[in-house]
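A structural walkthrough
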Amino acid sequence: MSIKAIAEKIKAPFTFVSHKIKEGKWFLASFLFAFIIVLTFIDITLSRNAAIKQFKINFSRIINNLNEVGLDIAYEDLQFNSIYPYPLIELKNFQVYNLRSEHLWKLKLAQIECRPNLLNAGKLNFEITGDGELSFDKSSKKLTAQRAELLTEFGKQGNFKELQTYIDELNIKDFAKVKSFVLAMRKSQSIIPERAITPTVESHIEIRDVALNGLLNYPLTSEIKRIYAKFNLMGEMDVQESLPLAAETWLRNGGFIEVPSLIINWEPLHLVGRGDVRFDEKFSPKIQMQTSSKAMLNLLEDLQNKNYLDKKGVFVANILLGAKAFKLSKDDKYLTISTPITYRENKLAIENITVKTLDNQNGQ
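In this report, the structure presented in the accompanying data block is examined. (Residues numbered from 1 in each chain as written. Predicted model: local features only at pLDDT ≥ 70, side-chain atom pairs only at ≥ 80, totals over all residues. Heavy atoms only, no water.)

Together, Phe315, Val316, Ile319 and Leu320 make up a nonpolar patch on the protein surface, roughly 370 Å² of accessible area in all. Looking at the secondary structure, you find leucine 320 in helix α4 (residues 311-324). Assessed through its relative accessible area of 39%, leucine 320 is described here as partly exposed. (Patch = residues over 30% accessible without salt bridge, like charges linked within 9 Å, V, L, I, M, F, W, Y side chains within 5 Å. Areas by Shrake-Rupley, 256 points an atom, 1.4 Å probe, with all protein chains shown as cover. Salt bridge = Lys/Arg side-chain N within 4 Å of Asp/Glu carboxyl O. Helix = DSSP H or I, 4+ residues; strand = E, 2+ residues; numbered from the N terminus. Buried < 20%, exposed > 50% of the residue type's maximum accessible area, 1.4 Å probe, protein only.)

Let's shift gears to the pattern of salt bridges. Two side chains of opposite charge can pair, provided their charged atoms sit close to one another. In this structure the tally under the stated criterion is 12 salt bridges. As a salt-bridge pair, lysine 324 and glutamate 351 come within 2.3 Å of each other at their nearest N and O atoms. Highlighted residues: lysine 324 in helix α4 and glutamate 351 in the loop between β16 (347-350) and β17 (353-357), separated in sequence by 27 residues. Overall, the relative accessible area of 36% leaves lysine 324 in the partly exposed class. Look at glutamate 351 and you get buried, because its relative accessible area is 18%. A network of salt bridges, in which partner residues are shared, links Arg147, Glu149 and Asp168.

This brings us to the pairing of strand β13 (residues 269-279). Bridge analysis of strand β12 (residues 256-266) against β13 gives 8 bridges, and the strand direction is antiparallel. Looking at β13, one finds that leucine 262 is bridged to glycine 273. Counting the residues that bridge the hairpin from β12 to β13 gives 2 residues. (Pairing = 2+ DSSP bridges.)

Further remarks concern unusual backbone geometry. Note that the residue after tyrosine 84, namely proline 85, is joined by a cis bond; omega there is 10°. Cis geometry marks the peptide bond from glutamate 267 to proline 268, where omega comes out at 0°. You can see proline 268 is positioned in the loop between β12 and β13. Despite not being glycine, aspartate 174 has its phi angle at roughly 65°, a positive value. Along the polypeptide, aspartate 174 turns up in the loop between β8 (160-172) and β9 (176-187). Phi at phenylalanine 283 is positive, roughly 65°, even though this residue is not glycine.

Any two aromatic rings considered together are summarised by their centre-to-centre distance and by the angle between their planes. For the structure shown, the criterion picks out 7 aromatic pairs. For the ring pair phenylalanine 55 and phenylalanine 59, a centre distance of 5.2 Å and an interplane angle of 15° mean the geometry is stacked. Placement of both phenylalanine 55 and phenylalanine 59 in helix α1 (residues 3-68) is noted, with a separation of 4 residues, approximately one turn of the helix. Among the residues examined, phenylalanine 55 registers a relative accessible area of 9% and is labelled buried. Each ring, one from phenylalanine 154 and one from phenylalanine 160, has its centre 6.1 Å from the other, and the planes form 75°; the classification is edge-to-face. For phenylalanine 160, a relative accessible area of 25% translates into the label partly exposed. One aromatic cluster is present, built from ring pairs that chain together Phe55, Phe59, Tyr75, Phe80 and Phe126. Over the ring of phenylalanine 80 we find lysine 56, and its NZ or CZ is 4.8 Å from the ring centre. In this arrangement the basic side chain of arginine 278 is found over the ring face of phenylalanine 256, its NZ or CZ atom lying 3.9 Å from the centre. (Phe/Tyr/Trp six-rings, centres within 6.5 Å; stacked < 30°, edge-to-face > 60°. Lys NZ or Arg CZ within 6 Å of the ring centre and 35° of its normal.)

In structure tokens, the structure reads:
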């Protein structure tokens, strides 16, 4: 027997063992992979079940809070699914409407689907599909949008963390088309010093490129380029139990709404401002804004001609505004004015001159 043959015989058992070890490695790797997949699937299912449980708690709380302020919701079908990748929640023909007021309104959405974030079940993404409808008294407007999403995040105890709303290409039939609408709200992370009233919820709202229906009776042009506002809830408001009680406590502790920035670009009006919104014991708003604007005089004239404003009040306000109006640049077509605008006790005032008294009776 040759030396090569002897070497092959000696090598054969080792080759067999090596082959079996390799097969064992593949089997072990496959087993571990399958085990990880199963654990991940179980974890996702448990997370979805926890999200469903928390949603039911928050949903019930929201309904109670809405009822306390004269609102309610309705729907035809509500389904939950803990199996990935199906929607976590499905709502059909969801409606929000007011219970008591001289003027009744209702917002109806055909279908809402909710999916949780894979890494954080507390983050929920609500997608609105199909057409909507906005009703006011006996009239209604059809709503369509290319994209309508609501993103929310709540903590383990159901405490609010964040809310974001995105709507693209919104069409309100026979009224307006809106290019984009964004609303973002988040719980403030700032450290609150003792006995200081600081922001607890920071919010932004932005509306861009609004094309109004040409048949409507409105001031200025039919194009609103941009409306932006930043507003902060000042002071803690705990709405875990009763919304009216929480609002009462918040107000008693000095709570108010701060408006650090307001921007309106509605040709020819360009307005920027800042101020705050406070409330009396009956929760009637008291708004105070310090503004700087171009074409304010033109807006007042248009509103007066359409009988939106009191002619006597506008006449006096124009005298005061005209005395301090100036051109920011020699090429400007419209005058620039810095003026306070206030609203309290149902009266809208410019330069402390009432230009409009609103009838707030019966919720109007």
